[in-house]
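What follows is the residue order along each chain.
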Amino acid sequence: MSESQRIIFHLDMDHFYTAVEERERPEIKGKPVIVGADPKGGKGRGVVATSNYVARKAGVRSGLPISHAWRLCPEAVYLPPNFSLYIKVSDEIMTIARNYANKFEQWGIDEAFLDVSSKVNGYVEAEDLARQIKSEIKEKEGLTASIGVGPNKLVAKVASDFQKPDGLTVVRDEEVEVFLAPLSVRKLLWVGRKTEVKLKELGVNTIGDLAAYDASTLTSMFGVMGWQMHLLARGIDKSEVEERVGVKSVSHETTFEEDTADSNAILQALNELCVEVQKETENQHLLFKTVTLKIRFEHFETHTKSKTLPFLTNRLYDLQKNAKEMLLPYLHEDRKVRLVGVRVSSLVSTEKQKILL
Ligand code: TTP
Ligand code: CA
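Residues numbered from 1 in each chain as written. Chains lettered and ligands numbered in written order. Predicted model: local features only at pLDDT ≥ 70, side-chain atom pairs only at ≥ 80, totals over all residues. Heavy atoms only, no water.

Cis geometry marks the peptide bond from K164 to P165; its omega dihedral reads -5°. Summarising the element assignment, P165 is placed in the loop between helix 6 (153-160) and strand 8 (168-170). The phi torsion at F300 lies on the positive side, around 70°, for a residue other than glycine. Here F300 lies in the loop between strand 10 (286-297) and strand 11 (302-313). Positive phi, normally seen in glycine, also occurs at S346, with a value near 55°. Positionally, S346 belongs in the loop between strand 12 (337-345) and strand 13 (347-349). (Helix = DSSP H or I, 4+ residues; strand = E, 2+ residues; numbered from the N terminus.)

As structure tokens, this is what we get:
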């Protein structure tokens, strides 16, 4: 299929965490709302996860130190993140959106790409379809989404951000260049702050400036990325919408040198496995919700038992306590154990807010 025949949507929920909180607590609607670390009267550490549009008017944004947010907006409603609720709502939204797409790619907790090329005939139908998705989400979840429609993922992504909140921006193939040209280079997916500074030094501020710049100079300065940036600036992006597979679980298991019925030895092994699993989740910036115990007796009789916690965690204590609780009923003096294992799943990345269920 040629590039010009594709129609891609990018769906992005508006101020997601705070929108969910406002839905759950109608009494805070209209007030500035900030989800993030505890401000502790201005002495808190940690950062803002997100803020609603009222708080954004006061300058409070994602990533700002919470103490700074407190100075800008002490009257805001400050709430700790309720990840399990956001994940549940995210799942429901993704289920709604997925239904409309030929190909679907979740991109973070509140974003997704949809390839609807063979669902619609042209941009007029595409716009109707985008409206339908927005209203189904509004009706079923009470939340607003912004959708960008374009010939590829890049244009769709930039378009969804163009008229927020509750936006719908359609950019047809022939409009791409004019649409992108006046926007800051920062809007391009892979242009970070450092690159932005370097580009500014070259006199490149807008996407249009970048598109007009000599590609080989960019390549000599930034390597492959320079070449890619130049393509993106011209609105060229051939990447496909595809289901992403992430880390789904983290697990460790151990086989005893000799089968054993010594409950102390088995519990100690389990604790050590929990330490390894917890370390790995921490290194990968993951929180988990489901803990699974695996136990194999002599003669290979194997059992697994899982428990889903009511909250997301990455604490060793939670892991060890729950794994132990599941293990104890299996331990008997006359039953020798060959192997124990621990797995955590229902993972969420704290770093990029990617869901890896
Ligand atoms: P975003 O989509 O970047 O932001 P948003 O939905 O809050 O606001 P917008 O209307 O501009 O799209 O991120 C989605 C959620 O991810 C956000 O609600 C909270 C979380 N998040 C963080 O926890 N830390 C961050 O630094 C960012 C950017 C987001
Ligand atoms: Ca969002």
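Taken as a whole and judged by the stated rule, the model has 21 salt bridges. A salt bridge links K164 to D14, with the shortest nitrogen-to-oxygen separation between them at 2.7 Å. With a gap of 150 residues between them, K164 in the loop between helix 6 and strand 8 and D14 in the loop between strand 1 (8-13) and helix 1 (16-24) connect regions that are remote in the sequence. Ionic pairing is found between E111 and K157, a salt bridge with its closest N-O pair at 2.8 Å. Of this pair, E111 sits in strand 6 (residues 111-115) while K157 sits in helix 6, placing them 46 residues apart in sequence. Owing to a relative accessible area of 14%, E111 belongs among the buried residues under this scheme. A cluster of three or more residues bridged by salt bridges with shared partners is formed by D12, D14 and K164. (Salt bridge = Lys/Arg side-chain N within 4 Å of Asp/Glu carboxyl O. Buried < 20%, exposed > 50% of the residue type's maximum accessible area, 1.4 Å probe, protein only.)

Before going further, it helps to spend a moment on the side chain of T281. Tracing the chain through its elements places T281 in helix 12 (residues 263-283). In this structure T281 comes out as buried when scored by relative accessible area, which is 0%. Not counting chain neighbours up to four residues away, the residues in contact with T281 comprise V250, L286, F288, N314 and V344. (Contact = heavy atoms within 4.5 Å.)

The next thing to look at is the site of ligand 1. Taken together, 14 residues are adjacent to ligand 1, and H15, T50, Y53, R56 and D110 come closest. In the model, an oxygen atom of ligand 1 is placed 2.8 Å from a nitrogen or oxygen of the R56 side chain. Notes on ligand 1: free accessible area 560 Å², of which the protein chains cover 75%. (Near = heavy atom within 4 Å. Polar contact = N/O pair within 3.5 Å; in protein donor to acceptor, adjacent residues only side chain to side chain. Areas by Shrake-Rupley, 256 points an atom, 1.4 Å probe, with all protein chains shown as cover.)

Next up on the list: the coordination of the calcium ion (ligand 2). Of the protein atoms, only D12 (OD), M13 (O) and D110 (OD) coordinate the calcium ion (ligand 2), at distances of 2.2 to 2.3 Å. What the six donor atoms of the calcium ion (ligand 2) show is an angle range of 81 to 174° at the metal, which sorts the shape as octahedral. Positions of the donor residues of the calcium ion (ligand 2), expressed as sequence spacing, correspond to D-M-x96-D. Of this pair, M13 sits in strand 1 while D110 sits in the loop between strand 5 (103-106) and strand 6, placing them 97 residues apart in sequence. We note that M13, like D110, is buried. (Donors = N, O, S within 2.8 Å, 3.2 Å for Na, K, Ca; no water. Tetrahedral: all angles 85-135°; square planar, octahedral: opposite > 155°, others 65-115°.)

Now for the sheet that holds strand 3 (residues 48-51). Paired through backbone hydrogen bonds, the strands of a sheet run either parallel or antiparallel to each other. The three strands are arranged 3-2-4 in an open sheet whose pairing can be described as mixed. Edge positions in the sheet fall to strand 3 and strand 4 (77-79), since each has one partner strand and no second. Strand-to-strand, the axes of this sheet are offset by a mean angle of 25°, without reference to chain direction. Strand direction decides the pairing type here: strand 2 (residues 33-36) and strand 3, joined by three bridges, are antiparallel. Its bridge partner lying in strand 3, I34 is registered against S51. On top of the sheet, helix 1 reaches strand 2, strand 3 and strand 4; it is set at about 115° to strand 2, its chief contact. (Pairing = 2+ DSSP bridges. Axes fitted to C-alpha atoms, helices over the stretch in contact; angles between N-to-C directions.)

A word on the packing of aromatic side chains. The tally for this structure, following the rule as stated, stands at eight aromatic pairs. When the ring of Y17 is compared with that of Y86, the centres are 4.2 Å apart and the planes differ by 15°; the resulting orientation is stacked. Highlighted residues: Y17 in helix 1 and Y86 in helix 4 (residues 83-98), separated in sequence by 69 residues. A single burial state applies to Y17 and to Y86, both of which are buried. Pairwise contacts between aromatic rings join F16, Y17, F83 and Y86 into one cluster. The aromatic ring of Y53 is capped on one face by R56, whose charged end is 4.5 Å from the ring centroid. Here R335 stacks its cationic end above the ring of F297, 3.8 Å away from the centre of that ring. (Phe/Tyr/Trp six-rings, centres within 6.5 Å; stacked < 30°, edge-to-face > 60°. Lys NZ or Arg CZ within 6 Å of the ring centre and 35° of its normal.)

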